[in-house]
Amino acid sequence: ATRSDLAGRRVVVSAGGTREAIDPVRFLGNHSSGRQGYALARTAAARGADVTLVAANVSLPDPAGVRLVRVESAVELAEAMETERAGADAVVMSAAVADFRPVTSAASKIKKSGDAPAPIELVENPDILAGLVASRAREHTEQTIVGFAAETDDVIANGRAKLARKGCDLLVVNQVGGGRAFGTEDNQATVLGSDGSAVDIPTGPKEDLADRVWDLVVERLPG
Ligand code: C5P
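None of these values were measured; they are calculated from a predicted model. (Residues numbered from 1 in each chain as written. Predicted model: local features only at pLDDT ≥ 70, side-chain atom pairs only at ≥ 80, totals over all residues. Heavy atoms only, no water.)

Caption draft 1: Summary view of the site of the ligand. Neighbouring the ligand are Met93, Ala95, Val97, Pro126, Asp127, Ile128, Leu129, Gly147, Phe148, Lys162 and Lys166. Backbone polar atom of alanine 95 to an oxygen atom of the ligand: 2.7 Å apart, as the coordinates give it. Measuring from an oxygen atom of the ligand, one finds a side-chain N or O atom of lysine 166 at 3.0 Å. Within the residue set of the shell around the ligand, elements represented by two or more residues are α3 (128–139), β9 (144–151) and α4 (155–166). Each residue belonging to the shell around the ligand can be placed in one class, and the counts come to seven nonpolar, one polar and three charged. (Near = heavy atom within 4 Å. Polar contact = N/O pair within 3.5 Å; in protein donor to acceptor, adjacent residues only side chain to side chain. Helix = DSSP H or I, 4+ residues; strand = E, 2+ residues; numbered from the N terminus. Nonpolar A, V, L, I, M, F, W, Y, C, P; charged D, E, K, R; others polar.)

And the structure:
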């Protein structure tokens, strides 16, 4: 049965992984495929939402009925999310954001010189999720904010600490390592709530996990 429990709602989803330029042809990146974020966008659209999908370096087909905004770096993603979040009922940060970026991107391709290679100096990227929580607090608006966290060990304890640190409403925690989650078709997670709740979502298609996340978001939306 098709639900329409997100009809009249506007949601923003980030997907993929940021690329931090080293020079015009090289970057620091990660293995995120964007599949989980795209599944979140598709399922929200199927449930009637007005969906904006902010995609960082995703090579999947454009989902139908979704507004797509493309970005590359964490700074671009931060700007796009801050713009798109305004007036949204829910924001889901499923993109994998690089923690650091090179201080400068070389104007032309870095060449081998025979000397020792120059080190790449890094600076920290903004925490976009924490920034979204701060923007909501400034506005005193109601908005449900969802983060994702990939943990390799002490998944629940680390997830709880991260949820508290970021200040979001829901944190979807995956266990990673050993080929799980990144780039695979299936996903498994525990969704932690700022109200102390924990909902286990068994291994299954990323679409099923996406629908379970939206169920939890719908419960939290004001009438
Ligand atoms: O701190 P960690 O990277 O594990 O947190 C993961 C969550 O925070 C994800 O929802 C990710 O999209 C978000 N994040 C962010 N900005 C960063 C790093 C992570 O929004 N710089």
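Caption draft 2: View of unusual backbone geometry. Although it is not a glycine, asparagine 57 adopts a positive phi angle of roughly 60°. Accessibility expressed as a relative area gives 22% for asparagine 57, which makes it partly exposed. Even without a glycine there, the phi angle at histidine 140 is positive, about 55°. For histidine 140, the location among the structural elements is in the loop between α3 and β9. (Buried < 20%, exposed > 50% of the residue type's maximum accessible area, 1.4 Å probe, protein only.)

Caption draft 3: How the structure looks around the sheet that holds strand β4 (residues 50–56). The strand order across the open sheet formed by eight strands is β5-β4-β1-β6-β9-β10-β11-β12, and the pairing between neighbours is mixed. Taken across any chain shown, the strands that pair with only one partner, and hence form the sheet edges, are β5 (67–71) and β12 (198–205). Strand-to-strand, the axes of this sheet are offset by a mean angle of 20°, without reference to chain direction. With four bridges connecting them, strand β10 (residues 170–175) and strand β11 (residues 186–193) associate as antiparallel partners. Of the residues in β11, the one forming a bridge with leucine 171 is leucine 192. Against the sheet, α3 touches β6 (90–93) and β9, its axis set at about 160° to β9. (Pairing = 2+ DSSP bridges. Axes fitted to C-alpha atoms, helices over the stretch in contact; angles between N-to-C directions. Contact = heavy atoms within 4.5 Å.)

Caption draft 4: Examining the pattern of salt bridges more closely. Per the stated rule, a full pass over the model turns up 17 salt bridges. In this structure, aspartate 215 and arginine 3 form a salt bridge, with 3.2 Å as the shortest nitrogen-oxygen distance. Taken as a pair, aspartate 215 in helix α5 (residues 206–220) and arginine 3 in the segment before β1 (10–16) lie far apart in primary sequence, 212 residues in all. A relative accessible area of 37% places arginine 3 in the partly exposed class. Aspartate 89 serves as the salt-bridge partner of arginine 9, at 3.7 Å between the closest nitrogen and oxygen. Of this pair, arginine 9 sits in the segment before β1 while aspartate 89 is found in the loop between α2 (74–84) and β6, placing the two residues 80 residues apart along the sequence. On the accessibility criterion, arginine 9 (18% relative accessible area) is buried. Residues joined in a network through salt bridges with shared partners are Arg3, Asp5, Arg47, Asp211, Arg212 and Asp215. (Salt bridge = Lys/Arg side-chain N within 4 Å of Asp/Glu carboxyl O.)

Caption draft 5: Broad picture of α3. When the terminal C-alpha atoms of α3 are compared, their 17 Å separation across twelve residues agrees well with the 16 Å that a helix rising 1.5 Å per residue should span. Near the N-terminus of α3, the side chain that reaches the backbone nitrogen of leucine 129, with its oxygen 3.2 Å away, is that of aspartate 127. One or two steps after α3, the chain reaches histidine 140, where phi turns positive at roughly 55°. (Expected span 1.5 Å × (residues − 1).)

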